[in-house]
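Each chain, letter by letter, is given below.
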Amino acid sequence: VQLQASGGGLVQAGSSLRLSCAASGRTFSSYNMGWFRQAPGKEREFVAAITRSGGSTYYADSVKGRFTISGDNAKNTVYLQMNSLKPEDTAVYYCAARYSKHVTIVVVSTMYDYWGQGTLVTVSS
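Residues numbered from 1 in each chain as written. Predicted model: local features only at pLDDT ≥ 70, side-chain atom pairs only at ≥ 80, totals over all residues. Heavy atoms only, no water.

Draft legend 1. Structural context of the overall build of the chain. Counting its regular elements, the chain contains zero helices and eleven strands. Counting helices and strands in the order they occur from the N terminus, the chain gives β-β-β-β-β-β-β-β-β-β-β. With the C-alpha coordinates aligned to their principal axes, the bounding extent of the chain is approximately 45 × 25 × 25 Å. Within the chain, the fraction of its 125 residues that count as buried is 42%. Of the contacts made within the chain by residues no fewer than 6 positions apart, 59% connect residues no fewer than 24 positions apart. Here the chain displays about 6,300 Å² of accessible surface, and carbon together with sulfur accounts for 47% of that area. Both charge centroids of the chain, one from 12 positive and one from 7 negative side chains, sit 7 Å from each other. (Helix = DSSP H or I, 4+ residues; strand = E, 2+ residues; numbered from the N terminus. Buried < 20%, exposed > 50% of the residue type's maximum accessible area, 1.4 Å probe, protein only. Contact = heavy atoms within 4.5 Å. Areas by Shrake-Rupley, 256 points an atom, 1.4 Å probe, with all protein chains shown as cover. Lys, Arg positive; Asp, Glu negative; His and termini not counted. Charge placed at Lys NZ, Arg CZ, Asp CG, Glu CD.)

This is how it looks when you write it as structure tokens:
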């Protein structure tokens, strides 16, 4: 599967952005999906995940209550709605897909099979 992330940009603190990750190739509904981010000089970190069924989601503590992950199987797209953005949310955001027969939340980056190219989110104070 190929993943194309988009929607990043430069915004002020307190603003909102919605990231999109469009998938092509294999049946999108076969993949558990996740979003990660990497700030300059830091390790890539988990942000949010959603099961292939869309029935379950999971968030990093740092974004819980502000970010929402969702999926649209008809559009082969997963979204990350980001509200109340903070300067510390500044990073390159990556979407990832893990093929599985099971409905699973995956938070470990090395367990994902496919990655998008990343989209830059910059939050100014």
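Draft legend 2. Region of interest: a nonpolar patch on the surface. A cluster of nonpolar side chains, Tyr58, Ile105, Val107, Val108 and Met111, forms an exposed patch at the surface whose accessible area comes to about 380 Å². Its place among the elements puts Val107 in the loop between strand 9 (91-99) and strand 10 (114-115). (Patch = residues over 30% accessible without salt bridge, like charges linked within 9 Å, V, L, I, M, F, W, Y side chains within 5 Å. Salt bridge = Lys/Arg side-chain N within 4 Å of Asp/Glu carboxyl O.)

Draft legend 3. Quick look at the pairing of strand 8 (residues 77-82). With five of six residues buried, strand 8 is to be regarded as a mostly interior element. Of the strand pairs in this sheet, strand 3 (residues 17-24) and strand 8 are connected by six bridges, and their pairing is antiparallel. By the bridge assignment for strand 8, Ser20 is matched with Tyr79. Relative to strand 8, strand 7 (residues 67-72) is paired through six bridges, and the arrangement is antiparallel. Following the sheet pairing, Asp72 is matched in strand 8 by Thr77. (Pairing = 2+ DSSP bridges.)

Draft legend 4. The arrangement of unusual backbone geometry in detail. Positive phi outside glycine occurs at Asn76, with the angle close to 55 degrees. Here Asn76 shows up in the loop between strand 7 and strand 8. By relative accessible area, Asn76 is classed as partly exposed at 26%.

Draft legend 5. Geometry of the pattern of salt bridges. Counted according to the given criterion, the structure contains four salt bridges. Across the pair Arg37 and Asp89 runs a salt bridge, and its minimum N-O distance is 2.9 Å. Taken together, the residues span a long stretch of sequence, with Arg37 in strand 4 (residues 31-38) and Asp89 in the loop between strand 8 and strand 9 at a distance of 52 residues. The burial state of Arg37 is the same as that of Asp89; both residues are buried. Residues joined in a network through salt bridges with shared partners are Arg37, Glu45, Arg66 and Asp89.

The values reported here are purely geometric and, on their own, carry no functional implication.
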